[in-house]
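Here's the letter readout for the chains.
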Amino acid sequence: MAPADLNPLHGLLSGMEVEPGVGAALERLPDVTSVDTMLCGATASGRSSLALHFALHHAATANRPVMFLCRQDGLEGSMPLLPRLCASDNPCLHLLQLKYVRSYLDIQRFAACMHLLQTPLAALVVEDLSSLLRIDDRNTLVRTLAMLLEGVRSYRAASGCECPLLVTDSTDESRRPRYIFDRWFPLTLAISAAAGPSGTEGQAFVLSVGGPLASTTQASGAQSRPHEGAEGPVSVQPAGQSAGVTYRLVDDHFVLERVHEAGRGVAARQAGAREGTHGAAAAPVQLFL
Amino acid sequence: MSGYDPDAAATAVSITRAGDACFAELEELVEGNPGTDIPDDILASLHLLFGKNLAKALEVVDAGGITAHVGERSGRTVYKVPGRGDVYTVFPSHYCSCQSFMYDIVGRGEAVYCKHQLAVRLASVLRRVARAPCSDQDLARRLLGEGGVG
């Protein structure tokens, strides 16, 4: 079994069109490695779509099913976008196993039964945790996260699959109990609205890297380095401005416009210069496999 | 409840790793000499790392009754630790269903482990856990039923 891609950024960005000139900068994003990742982002930030892209990326890479747990009304009420250039008849879509859950109890039941799964999963996604429980019910949140992480870890040990886990949440940053999430997720990726005017193509968003290990103070100039966390190797990022990317919804897909290295950003070109330039410059890099 | 403290998170990681090293050393000793007591130097290190919860954990171990329910095919394990009027569900590295875990460990960050988590780790190394094999289906029911996870 080929090793899984444990850099969640690869999966999350896999469905985006990449602006010319930004592709090379992508390689300078931190090489974050985490089997358990939290993705936080408000409604209409592209969170659900990125979660779907993450799932399909792992399904395509491993050629194994990915389980996607979500509320049915949430999914049908706001359909996530398919990755760029992913047609509705793409065979990878058959590897996506949607499991509708109604509340945190269904998550706990699923977690309790994970060791019974016969199918080797490529990844597991739990979409919008706050739609399944009240985030201010700390006891339930703690128990549900503990059950979920214990279930996934047991499944990994029994199956030999790395099965990266992505849990998303739409709670507002001010209300999110970060100290609880950081206990189980060494890596948190956050989506926030980008500063500045919306532009003709709509609101831009910033996907940035955070989490307890991303805040560890490093010596000046230190690069990210892997070290053994409680559950395996985890990359540690330099302190300072968070690394990440800026993307925008254009038509029916996301366009990656800018890469932010920790401490500085790398812009492709000014937003106005890309109007009407589809096909005029070098072909954009397609990340979706 | 406490807010996010990056220094505390980093400290917790350090304590966890140091604790893992102590438990690994103790495991080696016990393997070579079953029934041995915890050497003073390891005891001192564990006390330094885990404070008052270590003594409480040792009391829990001495009281007995820690059980590991193990799925026969999967090997998945859930620990049950008797407490004051209740039986707690413990995932030793990251969860206990007791109130102290919720308020002192998660809420206040006063320690890395509660006494029940430490007790499970100690009892496991000292071979003082009662092993109770069951079917994988029973294990799932046990995780959900009997009060579920707390």
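Since the structure is predicted, the reported quantities are computational estimates derived from the model, not experimental observations.

K.L.:
How would you sum up the UniProt feature "domain: SWIM-type" (unreviewed entry) in chain B? Please name residues and give values.
P.N.:
Residues annotated by UniProt as "domain: SWIM-type" (unreviewed entry) correspond here to residues 88–125 of chain B. Counting secondary structure, residues 88–125 of chain B comes out at 53% helix and 16% strand; the distance between its end C-alpha atoms is 19 Å.

K.L.:
Let's hear about the pattern of salt bridges: which residues, and what values?
P.N.:
Residues and elements named next belong to chain A. Scanning the model with the defined rule gives 21 salt bridges over all chains in all. Linking arginine 109 and aspartate 106 is a salt bridge whose minimum nitrogen-to-oxygen distance equals 2.8 Å. Taken together, the residues span about one helical turn, with arginine 109 and aspartate 106 both in helix 5 (residues 104–112) at a distance of three residues. Overall, the relative accessible area of 13% leaves aspartate 106 in the buried class. Two residues, glutamate 257 and arginine 248, come together in a salt bridge whose shortest N-O distance is 2.8 Å. The pair glutamate 257 / arginine 248 is uniform in exposure class, with both members buried. Shared partners join several salt bridges into a network, and the residues in it are Arg47, Glu127 and Asp128.

K.L.:
Can you tell me about the nonpolar core, naming the residues and giving the values?
P.N.:
Generally speaking, soluble globular proteins have nonpolar side chains that are buried together. One finds A:Leu124 and B:Phe101 to be the most contacted residues of the largest nonpolar core, which totals 77 residues. Core analysis: the next-biggest nonpolar cluster, separate from the first, contains 40 residues, A:Leu12, A:Ala25, A:Ala55 and A:Leu75 among them.

K.L.:
I'd like a description of the pairing of strand 3 (residues 66–70) of chain A, backed by residues and values.
P.N.:
Residue and element names in this part refer to chain A. Most of strand 3 is tucked away: five of the five residues are buried. Here strand 3 shows a buried face lined by Val66, Phe68 and Cys70 and a second buried face lined by Met67 and Leu69. As defined by bridge partners, strand 3 adjoins strand 5 (residues 123–126) across four bridges and the pair is classed as parallel. Directly across from leucine 69, in strand 5, lies its bridge partner valine 126.

K.L.:
Outline the environment of A:Cys161, supporting the account with residue identities and numerical values.
P.N.:
Mapped onto the fold, A:Cys161 is located in the loop between helix 6 (138–159) and strand 6 (165–169). A sequence separation of 44 residues divides A:Cys161 from A:Phe205, and the C-alpha atoms of the two residues are 33 Å apart.

K.L.:
Can you tell me about the sheet that holds strand 5 (residues 130–134) of chain B, naming the residues and giving the values?
P.N.:
Residue and element names in this part refer to chain B. Ordered by their spatial adjacency, five strands build an open sheet running 4-3-2-1-5, and the pairing between neighbours is mixed. Here the strands that pair on one side only, and so sit at the sheet edges, are strand 4 (95–96) and strand 5. Relative to strand 3 (residues 87–91), strand 2 (residues 77–82) runs antiparallel, the two sharing four bridges. Counterpart to tyrosine 79 in the pairing with strand 3 is valine 90. Running over the sheet, helix 5 (residues 115–125) touches strand 2, strand 3 and strand 4 and is turned about 70° from strand 3.

Calculation criteria
- Residues numbered from 1 in each chain as written.
- Chains lettered and ligands numbered in written order.
- Predicted model: local features only at pLDDT ≥ 70, side-chain atom pairs only at ≥ 80, totals over all residues.
- Heavy atoms only, no water.
- UniProt positions renumbered as here; feature names shortened; annotations may be inferred.
- Helix = DSSP H or I, 4+ residues; strand = E, 2+ residues; numbered from the N terminus.
- Salt bridge = Lys/Arg side-chain N within 4 Å of Asp/Glu carboxyl O.
- Buried < 20%, exposed > 50% of the residue type's maximum accessible area, 1.4 Å probe, protein only.
- Core = buried A, V, L, I, M, F, W, Y, C linked by side-chain atoms within 4.5 Å.
- Pairing = 2+ DSSP bridges.
- Contact = heavy atoms within 4.5 Å.
- Axes fitted to C-alpha atoms, helices over the stretch in contact; angles between N-to-C directions.

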